[in-house]
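As a plain string of letters, each chain reads:
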Amino acid sequence: MSFAATLPEAVRRKSCKSAIWSAIYGCVSEQFIDSNTIVILYLMMLGGSASFSLFSSAISAFAHAFCSIPFAYLIAHIGLRRSYSVAVYAGTAMFLVMALAPYMGAAGKYVVILSCLCYSATRPLYSATWYPMLNNFLRPQDRVPFFGRMRVLYMLFNTILIFVLGKLMGANPPVWLMQAAIAFAGITLIGRKIYLDKLPIDPNAKREKVHFPSSILALRKSPKLIGFCCLIFYLDLFVLAVIPVATVYMKTELGIAASVIMYATSCNLAGVILGNALLKILVKRLGLFGFQVLTHLLGLLVIGLLLFVHKGNAANLPLLFAAFLLNGVVSASLMCLGSTRQLSLGQPDNAVISMAFVTSMQSLGTFIGRSGVTLVLASGALAPFWTTKHGTFTHYHTIFFFCFIMTAIGLIFQLLATAEPGETKG
């Protein structure tokens with residue numbers, strides 16, 4: 001019997017509440033980096049070019065891709081509580097440094113990028129502790145309802161926060177307001193540790209012995225885990241690359257005000273809430289495999305909507321808001337798939353490494369996709385403009401079209417990621 005199954009129901013409920021509060025406090029800083037809007041606008045204020053600012057969207061994925069497994073090894077040696085404590089304090093420090101960047105003159109934009117990188121490096125240290133901590137009080141039947149409820153609540157909070165910031169910013173927000181928002185996001189991280197400290201840990205649990213490379217090689221015994229990782233890598237590679245590009249396109253080519261871009265980001269966060277709210281229903285009705293396919297098709301729809309956005313189109317804002325909303329649904333679905341499958345497919349005797357492997361593959365796809373489009377745009381390899389009878393299009397549309405085709409081809413990866421019979425119901 002698992003430790004979670006031995007806990008009284010009251011303890012499990014209290015632990016769920018503490019975990020949700022830790023997520024709410026911690027996700028403010030994460031959304032400032034992951035939604036990209038705040039950091040991209042901040043970098044542009046400090047003199048960063050479009051491609052330089054867009055690169056910030058790949059930093060978090062880079063850190064998760066290359067730090068998750070090494071940090072899992074570190075956690076196995078220093079323990080869960082010490083690991084997330086270090087991550088929280090270091091992350092707070094980096095956000096405060098980022099807020100001070102305008103006082104550093106021409107070097108400010110580089111300070112922001114470096115601070116983003118250092119903060120992002122703390123996130124795998126935290127996230128590699130998060131799922132093992134959850135396993136101490138979540139039973140298998142509790143996972144989907146918990147992730148759905150948790151993400152609805154913390155994304156609702158973030159949506160309101162981003163919307164309020166958009167209202168305060170207007171078309172041309174002052175630098176001090178951006179600094180205050182970034183400092184606030186860093187300070188809220190302390191709340192994450194306060195509530196994580198309240199979660200139970202199995203007193204009889206032994207620290208997992210991790211040996212490289214044997215722990216990595218042991219993953220080959222889980223073909224379904226490998227198949228799922230191929231799917232999640234591919235979707236993150238192409239689907240999650242387009243919204244940061246769309247954000248830069250809105251600012252540089254369409255001349256859309258910062259406040260409207262923030263409203264689009266609010267739509268994206270609202271989509272995450274909607275996706276998590278529908279999560280349990282969709283998994284129950286479609287099964288996990290059907291849910292995976294639906295997520296893939298919605299990703300195609302997001303990119304398809306962006307293809308119709310161009311100068312002179314009166315429907316640009318509705319199309320963009322719809323694309324950002326649906327992208328939020330897709331993001332929520334991908335997060336749920338990653339969370340659920342790494343808990344269910346992870347190897348019991350190699351849990352930390354197998355869970356970190358899923359995170360690494362997911363983040364590697366995002367990093368390669370977002371850094372790839374950044375390099376392509378910066379290189380000037382694509383024609384800046386091209387015209388058809390339907391209107392004038394840009395190199396951003398070339399990227400959208402390529403991602404659309406590759407995402408469609410990627411439906412074959414669904415065959416590698418079929419669900420286990422016991423996982424098909426939420």
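Residues numbered from 1 in each chain as written. Predicted model: local features only at pLDDT ≥ 70, side-chain atom pairs only at ≥ 80, totals over all residues. Heavy atoms only, no water.

Draft legend 1. View of the overall build of the protein. Of regular secondary structure, the protein possesses 16 helices and two strands. In the protein, which comprises 426 residues, the proportion classed as buried is 58%. Pairs at least 24 residues apart make up 86% of the contacts formed inside the protein by residues separated by at least 6 positions. On the protein, roughly 17200 Å² of surface is accessible, and the fraction owed to carbon and sulfur atoms is 70%. (Helix = DSSP H or I, 4+ residues; strand = E, 2+ residues; numbered from the N terminus. Buried < 20%, exposed > 50% of the residue type's maximum accessible area, 1.4 Å probe, protein only. Contact = heavy atoms within 4.5 Å. Areas by Shrake-Rupley, 256 points an atom, 1.4 Å probe, with all protein chains shown as cover.)

Draft legend 2. Here's a closer look at a positive patch on the surface. Taken together, R149, K280, K284 and R285 make up a surface patch of like positive charges. Of all the elements, helix α13 (residues 258-307) adds the most residues to the positive patch, at three residues. Looking at where R149 falls in the secondary structure, it is placed in helix α7 (residues 143-169). R149 gets classed as partly exposed once you look at its relative accessible area, which sits at 41%. (Patch = residues over 30% accessible without salt bridge, like charges linked within 9 Å, V, L, I, M, F, W, Y side chains within 5 Å. Salt bridge = Lys/Arg side-chain N within 4 Å of Asp/Glu carboxyl O. Lys, Arg positive; Asp, Glu negative; His and termini not counted. Charge placed at Lys NZ, Arg CZ, Asp CG, Glu CD.)

Draft legend 3. Up close: the packing of aromatic side chains. Tallied over the full model, the rule gives nine aromatic pairs. When the ring of W21 is compared with that of Y25, the centres are 6.1 Å apart and the planes differ by 40°; the resulting orientation is tilted. With a gap of four residues between them, W21 and Y25 both fall in helix α2 (residues 9-34), about one helical turn apart. An aromatic cluster of at least three residues, connected via ring pairs, comprises W21, Y25 and Y195. Stacked on the ring of Y126, the Lys or Arg R192 has its end atom at 3.7 Å from the ring centre. (Phe/Tyr/Trp six-rings, centres within 6.5 Å; stacked < 30°, edge-to-face > 60°. Lys NZ or Arg CZ within 6 Å of the ring centre and 35° of its normal.)

Draft legend 4. Examining a nonpolar patch on the surface more closely. Nonpolar side chains collect at one region of the surface, where L156, I160, F163, V164 and L168 lie side by side and expose about 460 Å² of accessible area between them. Here L168 shows up in helix α7.

Draft legend 5. Geometry of the environment of T122. Mapped onto the elements of the fold, T122 is located in helix α6 (residues 108-134). Other than its neighbours up to four places away in sequence, T122 contacts A87, A90 and G91.

Draft legend 6. Geometry of empty space enclosed by the protein. Per the stated rule, a full pass over the model turns up three cavities of 30 Å³ or more. Considering only enclosed or pocket space, the largest cavity measures out at about 950 Å³ in volume. What lines the largest cavity is a set of 41 residues, and nearest its centre among them are E30, D34, H64, R123 and M335. Among the elements of the structure, α2, α4 (50-78), α6, α7, α13, α14 (316-345) and α15 (351-379) are those that each provide at least two residues to the lining of the largest cavity. (1 Å grid on protein atoms, 1.4 Å probe; cavity = no way out; pocket = protein on both sides within 12 Å on 5 of 7 lines; lining within 4 Å. Points joined across faces, edges and corners; volume = space filled by probe spheres on them.)

Draft legend 7. Seen up close, the side chain of T247. Relative to the elements of secondary structure, T247 occurs in helix α12 (residues 242-252). Contacts of T247, omitting those with residues within four sequence positions, involve I40, I261 and F324.

Draft legend 8. Structural context of the pattern of salt bridges. According to the stated counting rule, one finds six salt bridges in the structure shown. A salt bridge links R139 to D142; its shortest N-O distance comes to 3.0 Å. Residue D142 is classed as buried on the basis of its relative accessible area of 18%. One network of salt bridges, in which partners are shared, links E9, R12, R139 and D142.

Draft legend 9. Highlighting the nonpolar core. In this structure, F32, V112, L134, F146 and L165 are the most contacted members of the largest nonpolar core, which totals 65 residues. A per-element tally of this core places α6 first, with twelve residues. With residues near it in sequence (within four places) discarded, V112 still touches V39, Y42, L43, L46, M98 and A101. Within the second largest apolar cluster, 57 residues are counted, among which are I69, L231, L334 and L377. (Core = buried A, V, L, I, M, F, W, Y, C linked by side-chain atoms within 4.5 Å.)

Draft legend 10. Quick peek at the environment of P102. Structurally, P102 is set in the loop between α5 (80-99) and α6. A sequence separation of 60 residues divides P102 from Y42, and the C-alpha atoms of the two residues are 9.6 Å apart. Residues contacting P102, with those up to four places away along its chain left out, are Y42, L46, V175 and Q179.

Draft legend 11. Broad picture of the packing of α5 against helix α8 (residues 175-187). Between α5 and α8, the shortest axis-to-axis distance is 8 Å and the interhelical angle comes to 175°. With respect to α8, the element α5 is oriented roughly antiparallel. Contacts from T92, F95, L96, M98 and A99 in α5 reach Q179, I182, A183, A185, G186 and I187 in α8. For the contact of α5 with α8, a count of residues per class yields eight nonpolar, three polar and no charged. (Axes fitted to C-alpha atoms, helices over the stretch in contact; angles between N-to-C directions. Parallel < 35°, antiparallel > 145°, perpendicular 65-115°, else oblique. Nonpolar A, V, L, I, M, F, W, Y, C, P; charged D, E, K, R; others polar.)

Draft legend 12. Region of interest: the side chain of R12. Along the chain, the position of R12 falls in helix α2. Excluding anything up to four places from it in sequence, R12 contacts A4, A5, L7, F137, R139 and D142.

Draft legend 13. Spatial organisation of the confidence of the model for the protein. Here the protein averages 81 in pLDDT, and 88% of its residues register 70 or above. Mean pLDDT in the protein bottoms out at helix α10 (residues 214-217), which sits at 67, and peaks at helix α9 (residues 189-196), which reaches 93. Low pLDDT (under 50) marks residues 419-426, which in the prediction has 17 contacts with non-local residues, meaning those over four places away or in another chain. (pLDDT = per-residue confidence, 0-100.)

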